[in-house]
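# Structural characterization, general
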Amino acid sequence: MNQLDALKQLTTVVADTGDFNQIAAFSPRDATTNPSLILKAVQKPEYAHLLKDAVAKYGAQGLDEVMNRLLVSFGCEILKHIPGRVSTEVDARLSFDTEATVTRARRIIDLYQGEGVHIDRVLIKIASTWEGIQAAARLERDGIHTNLTLLFSFAQAVACGQAKVQLISPFVGRIYDWYKKNAGASWDEAAMAGANDPGVKSVRAIYNFYKKHGIATEVMGASFRNVGQITALAGCDLLTISPDLLAQLAASEAPLAKALDAGAAKAMDIPFVTYDEAGFRFAMNEDAMATEKLAEGIRAFVVDTIKLEGMMR
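Residues numbered from 1 in each chain as written. Predicted model: local features only at pLDDT ≥ 70, side-chain atom pairs only at ≥ 80, totals over all residues. Heavy atoms only, no water.

Let's shift gears to the packing of aromatic side chains. Counted according to the given criterion, the structure contains 10 aromatic pairs. A ring pair is formed by Phe 209 and Phe 272, whose centres lie 6.0 Å apart and whose planes are at 10°; its orientation type is stacked. Of this pair, Phe 209 sits in helix H10 (residues 198-212) while Phe 272 sits in the loop between helix H13 (262-266) and helix H14 (277-286), and the two are 63 residues apart along the sequence. For Phe 272, a relative accessible area of 53% translates into the label exposed. A connected cluster of aromatic rings, assembled from ring pairs, spans Phe 154, Phe 209, Tyr 210 and Phe 272. Taking NZ or CZ as reference, Arg 69 lies 4.0 Å from the ring centre of Tyr 58, over its face. (Phe/Tyr/Trp six-rings, centres within 6.5 Å; stacked < 30°, edge-to-face > 60°. Helix = DSSP H or I, 4+ residues; strand = E, 2+ residues; numbered from the N terminus. Buried < 20%, exposed > 50% of the residue type's maximum accessible area, 1.4 Å probe, protein only. Lys NZ or Arg CZ within 6 Å of the ring centre and 35° of its normal.)

In structure tokens form, the structure reads like this:
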């Protein structure tokens, strides 16, 4: 058995790509997209028609509507290749606007339903700002399920659990990037690999907290830099993995052990924590890594969204 098949016995495997032609080779249950992945995909000849069609049909209705239609077109194509859910992201420029995020999310869901897609097959991706988390809480109460992305801190995860969001996406690789960059020449790659990887440690802490306290929100590790980060989180609820790393897992027959266990987490001594808005903002202020990476991630998605809009003009 290769590592990918072994991983599927422990964890729900999700494809992290907008390239739906690559998905079938790995048989994931779910798939995730973001503006950067969609931008990358529409620059390929086989996907360019999706952008052209959206502009031709909906260009008169404005860029927001063209963007919504493009994202839903990709999502519908992806859903043809998977049995589960697709995650579609709200414009990152709305990350600090609860009302606008709710409105955009509802529009995306309406478009999916207009294409005959059941509401339970779509997760709306929202940045894990305080405003985004509050928007997600409202959407969840209306039966619209959410995936809180750009999540780097325990405080973000706690607040998402309080909001009863469906799923969170802690960014393993970007946490790793920050600590490696800040360590500079003193970084010891071997010593900080596997279970010692700071991104892996972050996800493990969140997973154990959720399982200890019966929080139903799903944990989906994301943004991996290497296979070692993935195998160190075997047993996590879900892991969203790029096609390149999926291929590496499929090519390896190295043994794979379960690393995260819900039963073991229940026996751990982990205090229960909650956050109000002031406490959340202070906790984020005290976490330089999470503050910097959240801001950087939002900026990057905004840049790629603007590039996509440029291709629509």
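By secondary structure assignment, the location of Glu 89 is in strand E3 (residues 86-89). The residues touching Glu 89, leaving out its near neighbours within four places in the chain, are Thr 33, Asn 34, Pro 35, Leu 71, Ile 108, Lys 125, Thr 149 and Phe 301. (Contact = heavy atoms within 4.5 Å.)

Right, let's get into the pairing of strand E6 (residues 167-170). Neither face of E6 is exposed, since Leu 167 and Ser 169 on one face and Ile 168 and Pro 170 on the opposite face are all buried. Pairing of strand E5 (residues 146-151) with E6 involves three bridges; the strand directions are parallel. Bridge pairing in E6 links Leu 151 to Pro 170. Regarding topology, helix H8 (residues 154-162) serves as the crossover connection from E5 to the parallel E6, and that connection is right-handed. Here E6 runs beside strand E7 (residues 218-221); their pairing, made up of two bridges, is parallel. Note that in E7 the partner of Ile 168 across the bridge is Val 219. (Pairing = 2+ DSSP bridges. Right-handed = clockwise from strand over helix to strand, strands pointing away.)

With 100% of its residues at a pLDDT of at least 70, the protein chain reaches an overall mean of 98. The lowest-confidence element of the protein chain is helix H2 (residues 20-23), averaging 93 in pLDDT; the highest-confidence one is H8, averaging 99. (pLDDT = per-residue confidence, 0-100.)

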